[in-house]
Amino acid sequence: MEIGIDSFAAMFAEESGPKISDVDTLAQLLERIELADKVGLDIFGIGEHHRKGFLDSAPAIILAAAAARTKKIRLTSAVTVLSAADPVRIFEEYATLDLISKGRAEMVVGRGSFIDAFPLFGLDLKDYDALFTEKLELLLKIRDNELVTWSGKFRPAMKDLPVYPRPLQDPFPIWLGVGGTPESFIRAGMLGLPLMVAVIGGETYRFRPLVDLYRRAGQQAGHAPEKLKVGLHSLGYVANTTQEAKDAFYPGYAEGMTKIGKERGWAPMTRERFEAQVGEDGALVVGSAEEVAEKILHHSEALGGIERFTFQMDTAALSHETLMQSIELIGKKVSPLVNNS
């Protein structure tokens, strides 16, 4: 199983988090990607947001800087908000990243969990589904064809137009990032795209029917089982002991989730709810290396087998030094425990 990290270049919790400049925040993020590469992690992803507190509005640029400082780790978006982007431009950026990284680039495309990009780029929320469907179709056509002929509703038509540069990898890896919408799982299966499932709350095993939908749709569409890969993106953190991990993660996590919850109508985060999420079936993957490795394997079994697992640690406003220690534990202890079990 591939093990990696996803980052939103963010501090969700402003009160408990360390106060550092945006310049230092990005410098430290690049240091963490370098360390992830050195300790043998497989993947590092950068999200995309367009709101205060996040520095990942141009993920391809961050990933290109990381590509110049790393050797083996694969570099991906997590996720590219395709609904608000031009598929031609996005493909050009990630093809360039693939060349800079010598074939280590990937893309996870989705609709994102915030809607800030829609008014920012002059898009109508009523077109939420139609925009994504059309732009995904065009992106895949560009990936598979150097000369593109295409027409749609939201972008000018293309007639025998070339898109350059071409990436080193052929085909270029494009994953579909999904939340909990059955249609998204079915779409990924029908297209034969690998699936990245974001589970940030609740009980992970409850996503099994949706993952089964994905696999059935893929098989019915004639795609080989090895193409139908499943990844899991979860909030998580690793420390020397489980108690240490929980005590470090909870304050910033509670503050950040309560803040986001005010926007979405969620109840404030409590220690009791947090402890339930850290439990065996809960979505939070927080603990010692041994307990976290065991939980990843438990989630994999519950979902019928996963090929990739990524930790998202920004939520808890942990210091750079603390994140570095966690990345080292994930690379040196968690990954070997998961893959040698």
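Report on the accompanying structure. (Residues numbered from 1 in each chain as written. Predicted model: local features only at pLDDT ≥ 70, side-chain atom pairs only at ≥ 80, totals over all residues. Heavy atoms only, no water.)

Observations regarding the nonpolar core
If you look at the biggest cluster of nonpolar residues, it comprises 91 residues, and the most contacted ones within it are Phe311 and Val334. In terms of nonpolar packing, the next biggest core, distinct from the first, is built from 5 residues, Phe8, Ala10, Phe54 and Phe114 among them. (Core = buried A, V, L, I, M, F, W, Y, C linked by side-chain atoms within 4.5 Å. Buried < 20%, exposed > 50% of the residue type's maximum accessible area, 1.4 Å probe, protein only.)

Topic: unusual backbone geometry
Look at the link from Ala78 to Val79: it is a cis peptide, with omega at 10°. For Val79, the location among the structural elements is in the loop between strand S3 (74-77) and strand S4 (80-81). The linkage connecting Tyr164 with the following residue, Pro165, adopts the cis geometry, with an omega of 0°. Even without a glycine there, the phi angle at Lys102 is positive, about 60°. Mapping Lys102 onto the fold places it in the loop between helix H3 (87-100) and strand S5 (105-110). Positive phi is not limited to glycine here, since Ala317 has a value of about 55°. Examined against the element boundaries, Ala317 turns out to sit in the loop between strand S12 (308-312) and helix H11 (320-339). For Ala317, a relative accessible area of 7% translates into the label buried. (Helix = DSSP H or I, 4+ residues; strand = E, 2+ residues; numbered from the N terminus.)

Details of the side chain of Thr76
For Thr76, the location among the structural elements is in strand S3. Polar side-chain contacts of Thr76 include one of 3.5 Å to the backbone oxygen of Glu106. Setting aside residues up to four positions removed in sequence, Thr76 forms contacts with Ile43, Phe44, Gly45, Ile46, Leu63, Glu106, Met107 and Val108. (Polar contact = N/O pair within 3.5 Å; in protein donor to acceptor, adjacent residues only side chain to side chain. Contact = heavy atoms within 4.5 Å.)

That's the geometry; what it means functionally is another story.
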